[in-house]
Amino acid sequence: MMTKTITRDMTIGNPTKLILNFTLPMLIGNIFQQFYNMVDSIVVGKFVNKDALSAVGATGSITYLIFSLVFGMSAGISIVISQYYGAGDYEKVRKSFATATYVLFLVSLIMGTVGFFTSRPLLKLLGTHQDIIDQSHTYMKILYIGILGTACYNGISAVLRALGDAITPLVFLIIASILNVVLDLIFVIVFNMGVAGVAIATIISQFLSGIGCIIYAFKKVKILRIPLKEFKPDREIFIKCIRLGVPVALQNSLIAVSMMTLQSVVNSFQDTIKIAAFTAVNRIEQLVMQPSMSLGAAVASFTGQNIGADKIDRVKKGAKSATKIILIFSLLMLPVMYFGGQYIMRLFTKKEDFEVVMYGVEGIRITCFFYSFLGLIFITRNFLSGAGDIRIPMIMGFIEVIVRVSLSKYLSGIIGFNGVFLATGLTWFATGIFGSIRVVSGKWKDKSIVSKRA
């Protein structure tokens, strides 16, 4: 049984070309995905005030912690489906898709509830400034209410990308991003709803993109058309999704914990100007890392399919190609960010907020020297996850926590606010090197859940 042509068999053809062709729509999609958060920050920074910008920024690490299980389950599902698809076991692909629906619904319900009731205590734990804590709490509660929309989009996108289709998620994400911009402006400028308005705009947009993506996929991908009576979880696959998804979720949670620690260090300065600068730099870095994230997603799908097909040499070639691409990109971005950071910072601030720009530019000029190691994190982490070697990405998460937590407090005590950014760069360095060593070692070869080598 074959699927429609929007899916892509990555076990044949030139590895570099396949990865690049998959990366481009992923990159465009990820950039639009970042517009959700970036537009929120830009709109409140421009049309409300710097406190609103700080309030939105102060939620980032906490919301990522709560959403990490959803993202982790999506990643685990993607690994399972890509390996079964590469092995040509389409019956298991269908069962995996049905099982994934139940998994994501359950996870969304649990984490949405947890996030809703723990948001304020966590904000207090991080020492969030009293001037912004109420706005941050409002923003987070609304996002947690709409967590099912986020799970819906991320889940179906993970399934389609595992099958080699990066186009369908892109189309609906672009539509949703445009809708998010329009709704942000309406809710904030016309209805004067502040941070609540941008949060509502976000969940509406993501929910619609997820529903649209699902409807289109059902019509275009025959392999996903499952009769209602057969749409039930498979115990064996459920266990595999959990076994692969939980370590990724834990890895994401560890990263979130390290970011929460970093946020608490920033909050300890008790300066909304520095908090706003940190928020803006975070948003900019989220945009800069999109090529790495996109390439990493392509590597995960490529690796998963070829591991499933037992084509180890192709897997190695894919890793080498992706590494070369990301190193070239990092070198190109270095002068752009070093000399152009001030112009980008001004997108997030009003003209009179020159101190926010000044602090942000100093931070960008530190972290831009570490972009190549950031890229290696995404390449190696996704490569190992796609191969089924999920223990190592989890350890990489532990490394991020240890290095970021220890260095952020130590360096900020020595060199002040810039120590936060230097700690981030050194965290990327340590984690990227560790992941690279594991890939080069070749110990991932026997970790597949479907390959005969396992």
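Residues numbered from 1 in each chain as written. Predicted model: local features only at pLDDT ≥ 70, side-chain atom pairs only at ≥ 80, totals over all residues. Heavy atoms only, no water.

**Details of the packing of helix α12 (residues 312–345) against helix α14 (residues 371–387)**
In step 1: Where α12 meets α14, the closest approach of the two axes is 8 Å, and the angle between their N-to-C directions is 155°. In terms of orientation, α12 and α14 fall into the roughly antiparallel class. Every pair of crossing elements has a handedness; the one defined by α12 and α14 is right-handed. Between α12 and α14, the residues in contact are Val315, Ala319, Ala322, Thr323, Ile326, Leu327, Ser330, Met333 and Met337 and Tyr371, Ser372, Gly375, Leu376, Ile379 and Phe383, respectively.
In step 2: Classifying every residue of the contact of α12 with α14 by side-chain character gives eleven nonpolar, four polar and no charged. (Axes fitted to C-alpha atoms, helices over the stretch in contact; angles between N-to-C directions. Helix = DSSP H or I, 4+ residues; strand = E, 2+ residues; numbered from the N terminus. Parallel < 35°, antiparallel > 145°, perpendicular 65-115°, else oblique. Left-handed = near helix turned anticlockwise from the far one by under 90°. Contact = heavy atoms within 4.5 Å. Nonpolar A, V, L, I, M, F, W, Y, C, P; charged D, E, K, R; others polar.)

**So, the environment of Leu250**
In step 1: By secondary structure assignment, the location of Leu250 is in helix α9 (residues 235–267).
In step 2: On the basis of relative accessible area, Leu250 is assigned to the partly exposed category, the value being 36%.
In step 3: In this structure the C-alpha to C-alpha distance between Leu250 and Leu411, which are 161 residues apart in sequence, comes to 27 Å. (Buried < 20%, exposed > 50% of the residue type's maximum accessible area, 1.4 Å probe, protein only.)

**Some points on the side chain of Asp234**
In step 1: Mapped onto the fold, Asp234 is located in the loop between α8 (194–220) and α9.
In step 2: In this structure, Asp234 is buried with no salt-bridge partner, the nearest side chain bearing the opposite charge being Lys95 at 4.1 Å.
In step 3: Of the polar contacts made by the side chain of Asp234, one reaches the backbone nitrogen of Ile237; its length is 2.9 Å.
In step 4: Discounting chain neighbours no more than four positions away, the residues touching Asp234 are Lys95 and Thr99. (Lys, Arg positive; Asp, Glu negative; His and termini not counted. Salt bridge = Lys/Arg side-chain N within 4 Å of Asp/Glu carboxyl O. Polar contact = N/O pair within 3.5 Å; in protein donor to acceptor, adjacent residues only side chain to side chain.)

**Side note on the confidence of the model for the protein**
In step 1: Mean pLDDT for the protein: 82, with 93% of residues reaching 70 or above.
In step 2: When pLDDT is averaged over each element of the protein, helix α16 (residues 418–441) comes out on top at 93 and helix α2 (residues 50–57) at the bottom at 72.
In step 3: Long-range and interchain partners of residues 1–5, a stretch whose pLDDT sits below 50, account for ten contacts in this model, where long-range means more than four residues apart. (pLDDT = per-residue confidence, 0-100.)

**Topic: a nonpolar patch on the surface**
In step 1: On the surface, Ile178, Val182, Leu185, Ile186, Ile189, Val190, Phe191 and Met193 cluster together into a nonpolar patch covering about 690 Å² of accessible area.
In step 2: Secondary-structure assignment places Ile186 in helix α7 (residues 167–190).
In step 3: Taking relative accessible area as the criterion, Ile186 reaches 32% and is therefore assigned partly exposed. (Patch = residues over 30% accessible without salt bridge, like charges linked within 9 Å, V, L, I, M, F, W, Y side chains within 5 Å. Areas by Shrake-Rupley, 256 points an atom, 1.4 Å probe, with all protein chains shown as cover.)

**Considering the packing of helix α13 (residues 354–367) against α16**
In step 1: At a minimum axis separation of 9 Å, α13 and α16 run at an interaxial angle of 25°. Comparing the axis directions of α13 and α16 gives the class roughly parallel. Regarding α13 and α16, the two cross each other, and that crossing is right-handed. Contacts between α13 and α16 involve Tyr359, Glu362, Gly363, Ile366 and Thr367 from the former and Asn418, Phe421, Leu422 and Trp428 from the latter.

**Some remarks on helix α4 (residues 90–125)**
In step 1: Of all the bends in α4, the greatest reaches close to 55° and is centred on Thr118; the proline Pro121 follows between one and four positions later.
In step 2: Once α4 ends, the next one or two residues include Gly127, with phi positive near 70°. (Bend = angle between axes of the 7 residues up to and from the residue.)

**Describing unusual backbone geometry**
With the exception of glycine, the majority of residues adopt a negative phi angle, and the majority of peptide bonds are in the trans configuration.
In step 1: Backbone geometry places Asn192, a non-glycine residue, at a positive phi of 55°.
In step 2: Counting through the fold element by element, Asn192 comes out in the loop between α7 and α8.
In step 3: Located in the positive-phi region is Asp310, a residue other than glycine, with phi close to 65°.
In step 4: Topologically, Asp310 is positioned in the loop between α11 (290–308) and α12.

**Examining the packing of aromatic side chains**
In step 1: Here the structure, examined in full by the defined rule, presents 14 aromatic pairs.
In step 2: Here Phe116 and Phe117 contribute two aromatic rings whose centre-to-centre distance is 5.2 Å and whose plane-to-plane angle is 80°, an arrangement assigned as edge-to-face.
In step 3: Given the relative accessible area of 29%, Phe116 is considered partly exposed.
In step 4: Ring geometry for Phe383 against Trp444: centres 4.8 Å apart, planes inclined by 90°, an arrangement best described as edge-to-face. Placement of the pair is Phe383 in helix α14 and Trp444 in the segment after α16, with a sequence separation of 61 residues.
In step 5: The exposure class assigned to Phe383 is buried, which follows from its relative accessible area of 1%. (Phe/Tyr/Trp six-rings, centres within 6.5 Å; stacked < 30°, edge-to-face > 60°.)

**As for the pattern of salt bridges**
In step 1: The full count for this structure, using the stated rule, is six salt bridges.
In step 2: Residue Arg94 is joined to Glu91 by a salt bridge in which the shortest nitrogen-to-oxygen separation is 2.4 Å. A residue pair is termed a helical-turn pair when its members lie 3 or 4 positions apart in one helix, as Arg94 and Glu91 do in helix α4 at three residues.
In step 3: The exposure class of Arg94 is buried, given its relative accessible area of 18%.
In step 4: For the salt bridge of Glu400 with Arg404, the shortest nitrogen-to-oxygen distance reads 3.2 Å. Remark: Arg404 and Glu400 occur in helix α15 (residues 391–415); sequence separation between them is four residues, near one turn of the helix. Comparing Glu400 with Arg404 shows no difference in burial state: the two are buried.

**Re the environment of Thr168**
In step 1: As for its position among the elements, Thr168 is in helix α7.
In step 2: Remark: the alpha-carbon pair of Thr168 and Ala277, spanning 109 residues in sequence, is separated by 35 Å.

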